[in-house]
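# Per-entry structural report
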Amino acid sequence: MNHSPWCFIIAICLLPLPVAAGEPAAAHVHGAASLQVAIDGKNLTLNFESPLNNLVGFEHAPRTEKQKAAVRAMAERLHQPASLFTASPAAACALLSLKLESPVLEPTKPSVGDGHADLDGEFVFRCEHPEALRALEVGLFQAFPRLQRVDVQVAGPRGQSAVRLSPQQRRIAW
Ligand SMILES: [Zn+2]
């Protein structure tokens, strides 16, 4: 039997393959997303990567008004990162920059390719008291109910750690 790479991509999207805790979730798995947390001086940088299906329920260019509205709603939610990522209040973190990349956010791209597509978001916060930055509460599960799991990697002054978040476990501490 000839297994093309295309078949493989479809297979990993359909099967919720177990991934050992601590491994980066680079694969495109529906229901799962990844979050890289980097603390460098006063900067807290969050890199979020998710299959679009988790965020809008489809992964092709939006065609209907309902699909276009879903894309707009996703972008609006992600442009309010204070409700998605709550850092330790004593650290006094404020959003510095925000960057979203996804084929559905670029109307010049007529199609999305192989049928699967992601969203990448980069959120940079500046924290006045980074020494007080010890935890992050993640509100992604409430905002995007299709999301079942977020594999998190933290890199900061206290070293590296990894944690898997779920709707029941939404807090990262380090
Ligand atoms: Zn997909």
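As a reminder, the structure under discussion sits directly above these lines.
To keep things clear, this report deals only with the structure shown in the data block. Just so you know, these numbers come straight off a predicted model, no measurement behind them. (Residues numbered from 1 in each chain as written. Predicted model: local features only at pLDDT ≥ 70, side-chain atom pairs only at ≥ 80, totals over all residues. Heavy atoms only, no water.)

## Let's talk about the overall build of the chain
- Looking only at helices and strands, the chain has four helices and nine strands in total.
- Reading the secondary structure of the chain in the N-to-C direction produces α-β-β-α-α-β-β-β-β-α-β-β-β.
- In the chain, which comprises 174 residues, the share counted as buried stands at 39%.
- Taking the contacts inside the chain whose residues are at least 6 apart along the sequence as the reference set, 66% of them involve residues at least 24 apart.
- In the form shown here, the chain has an accessible surface area of approximately 9,500 Å², with 56% of it arising from carbon and sulfur atoms. (Helix = DSSP H or I, 4+ residues; strand = E, 2+ residues; numbered from the N terminus. Buried < 20%, exposed > 50% of the residue type's maximum accessible area, 1.4 Å probe, protein only. Contact = heavy atoms within 4.5 Å. Areas by Shrake-Rupley, 256 points an atom, 1.4 Å probe, with all protein chains shown as cover.)

## Concerning the coordination of the zinc ion
- Here the zinc ion is held by H28 (NE2), H30 (NE2), E59 (OE) and H116 (ND1), and the distances to it run 1.9 to 2.2 Å.
- Here the zinc ion is ringed by four donor atoms whose angles at the metal span 93 to 126°, and the overall shape comes out tetrahedral.
- The sequence motif formed by the donor residues of the zinc ion is H-x1-H-x28-E-x56-H. With a gap of 88 residues between them, H28 in the loop between helix 1 (5-14) and strand 1 (32-40) and H116 in the loop between strand 4 (93-101) and strand 5 (118-127) connect regions that are remote in the sequence. No difference in accessibility class separates H28 from H116, as the two residues are buried. (Donors = N, O, S within 2.8 Å, 3.2 Å for Na, K, Ca; no water. Tetrahedral: all angles 85-135°; square planar, octahedral: opposite > 155°, others 65-115°.)

## Points about the side chain of H116
- Among the residues examined, H116 registers a relative accessible area of 16% and is labelled buried.
- Side-chain polar atoms of H116 contact the side chain of H28, separated by 3.2 Å. (Polar contact = N/O pair within 3.5 Å; in protein donor to acceptor, adjacent residues only side chain to side chain.)

## Looking at the packing of aromatic side chains
- Enumeration according to the criterion identifies one aromatic pair in this entry.
- Consider the rings of F85 and F123, whose centres lie 5.2 Å apart with planes at 55°: the pair is tilted. Of the two residues, F85 sits in strand 3 (residues 85-87) while F123 sits in strand 5, which places them 38 residues apart along the sequence. (Phe/Tyr/Trp six-rings, centres within 6.5 Å; stacked < 30°, edge-to-face > 60°.)

## A short note on the environment of A70
- Mapped onto the fold, A70 is located in helix 3 (residues 65-78).
- Each C-alpha atom of the pair A70 and F58 lies 9.5 Å from the other, and the pair is 12 residues apart in sequence.
- Every residue in contact with A70, bar those within four places of it in the chain, is listed here: V56 and F58.

## With respect to the pairing of strand 1
- Bridging between strand 1 and strand 7 (residues 149-156) involves seven bridges; their strand directions are parallel. Each bridged residue has a counterpart across the sheet, and for Q36 the counterpart in strand 7 is Q153.
- Sheet topology note: the strand 1/strand 2 (residues 43-51) ladder contains seven bridges and is antiparallel. Looking across to strand 2, one finds that V37 is bridged to L46.
- What sits between strand 1 and strand 2 in their antiparallel hairpin is a turn of two residues, with G41 showing a positive phi close to 65°. (Pairing = 2+ DSSP bridges.)

## Notes on the state of the cysteines
- Tallying each qualifying case throughout the model produces one disulfide.
- Each disulfide pairs two cysteine sulfurs, and for C93 the partner residue is C127, the sulfurs being separated by 2.1 Å. Residues C93 and C127 are joined through a disulfide that is right-handed, its torsion about the S-S bond being 105°. Within this pair, whereas C93 is found in strand 4, its partner C127 is found in strand 5, the two being separated by 34 residues in sequence.
- Its relative accessible area of 25% is what places C93 among the partly exposed residues.
- Here C127 falls in the buried class, since its relative accessible area comes to 0%. (Disulfide = S-S within 2.5 Å.)

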